[in-house]
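Descriptive analysis of the structure
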Amino acid sequence: MASQTSAKTHTMRALMALRQRVTKGELPGGTRLFEVAMAEDLQISRTPVREAMSRLAEEGLLERAPNGGFMVRSFAYADVLDTLELRGLLEGTVARLAAERGTSDAKLREITEIVRRLDGVFGDDPSEVDFEAYSDLNSQFHDALAALPGSLTFERELARVKSLPFASPSAFLPNESRLSAFRRSLSIGQEQHRELVAAIAAREGARAEALAREHALAARRNLEYIFSTEHSEVTTVPGLELVSPAEK
């Protein structure tokens, strides 16, 4: 049992280290990863490294190389847009199913409480937003939304899509240095959170689906804004260094 726990710990450490290096651009797209060299670098055995690479391939950050092993994936700008579109489609369907099938009072209370806590991150002044709290609670909201219809299939597929850094609900939220440009979008996003929960509670499937899909479009607008600015903005979003410059 102890050896199994140790193996899982080493695999998780390798997974976190590799994911961080990839999403920060330390391992550019197209980089071939060698199991032995990476194991030596991380000072762990080859098995956890191999398992971590397989996990990252499932997440879409790595791909299997033609002659064995793995390579860091490169993404076209269109790939990012398609992933955001897919998340919107899935979340829209989840919202519609939750409204049509109904959801438990406990789940509705949970997501309503998250919305209430999100309200609390906004101050009276437009510049007063607790960004870290918003980012964390926003992720919690989308996880709670995925769980509303009680479908493990949709929860699993949404988790898979959101595992790509630029597809997570908080991927294109601003940091403190560019908060002013996004303050209005944060407020609109929060209003959409409230309306979406209300539509689901009222069993309005079509409205819930439309709201969820419109809400997902905010990520696309933020992405377009980021790529319309200097390259320094791109480096603030984990994973966007993997997007091919020729395709941006």
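Before reading on, note that the structure itself is shown above.
Now for a description of the structure that goes with this document. (Residues numbered from 1 in each chain as written. Predicted model: local features only at pLDDT ≥ 70, side-chain atom pairs only at ≥ 80, totals over all residues. Heavy atoms only, no water.)

1. Some points on the environment of Arg46
The condition that has to hold: Numbering of helices and strands runs from the N terminus, with a helix taken as a DSSP run of H or I at least four residues long and a strand as a DSSP run of E at least two residues long. The buried label applies to any residue whose accessible area, calculated with a 1.4 Å probe on protein chains only, is under 20% of its type's maximum; exposed applies above 50%, and partly exposed to all values in between.
You can see Arg46 is positioned in helix 3 (residues 46–59). Overall, the relative accessible area of 43% leaves Arg46 in the partly exposed class. The sequence separation of Arg46 and Thr11 amounts to 35 residues, and the corresponding C-alpha distance is 9.7 Å.

2. Structural notes on the sheet that holds strand 1 (residues 32–33)
Sheet strands pair by backbone hydrogen bonding; their relative direction is either parallel or antiparallel. To keep things clear, this is the line we draw: At least two DSSP bridges between two strands are needed for those strands to be called paired. Only heavy atoms matter for contacts: two residues are in contact if any of them lie within 4.5 Å across the pair. The axes used here are C-alpha line fits, helices contributing only the stretch in contact, and every angle between their N-to-C directions lies in the interval 0 to 180 degrees.
In spatial order, the strands read 1-3-2; together these three strands make up an open sheet with antiparallel pairing. Only two strands of the sheet have a single partner each, and these edge strands are strand 1 and strand 2 (62–64). Two elements, strand 1 and strand 3 (residues 70–72), share two bridges in a ladder whose sense is antiparallel. Residue Arg32 lies in a different strand from strand 3, and its bridge partner there is Met71. The sheet contacts of helix 3 involve strand 1, strand 2 and strand 3, and relative to strand 2 the element is tilted by about 105°.

3. Some thoughts on unusual backbone geometry
Even without a glycine there, the phi angle at Gln43 is positive, about 60°. Along the chain, Gln43 falls in the loop between helix 2 (35–42) and helix 3. A relative accessible area of 70% places Gln43 in the exposed class. Of note, Arg203 is a non-glycine position whose phi angle comes to about 65°, a positive value. Mapped onto the secondary structure, Arg203 falls in the loop between helix 8 (183–201) and helix 9 (205–228). Its relative accessible area of 48% is what places Arg203 among the partly exposed residues.

4. Re the nonpolar core
Short version of the rule: Only buried residues count toward a nonpolar core, which is a set of Ala, Val, Leu, Ile, Met, Phe, Trp, Tyr and Cys residues joined through side-chain atoms within 4.5 Å.
Judged by nonpolar contacts, the single largest core of 62 residues is most densely connected at Met38, Val49, Met53, Leu62, Leu145, Leu196 and Ile200. Here this core takes nine residues from helix 4 (residues 77–101), the largest share from any one element. Discounting residues that sit within four places of it in the chain, Leu145 has contacts with Glu91, Val94, Ala95, Ile111, Leu196 and Ile200.

5. Here's the deal with the pattern of salt bridges
Worth spelling out the cut-off: Within this document, salt bridges are pairs made up of a side-chain nitrogen of Lys or Arg and a carboxyl oxygen of Asp or Glu, the two lying within 4 Å of each other.
Summed over the entire model, instances satisfying the criterion amount to 14 salt bridges. Residue Asp41 is joined to Arg21 by a salt bridge in which the shortest nitrogen-to-oxygen separation is 2.5 Å. Separated by 20 residues along the polypeptide, Asp41 in helix 2 and Arg21 in helix 1 (residues 2–23) bring together distant segments of the chain. According to the relative accessible area criterion, Asp41 is partly exposed, its value standing at 45%. Assessed through its relative accessible area of 22%, Arg21 is described here as partly exposed. For the salt bridge of Arg50 with Glu35, the shortest nitrogen-to-oxygen distance reads 3.0 Å. With Arg50 in helix 3 and Glu35 in helix 2, this residue pair connects regions lying 15 residues apart in the sequence.

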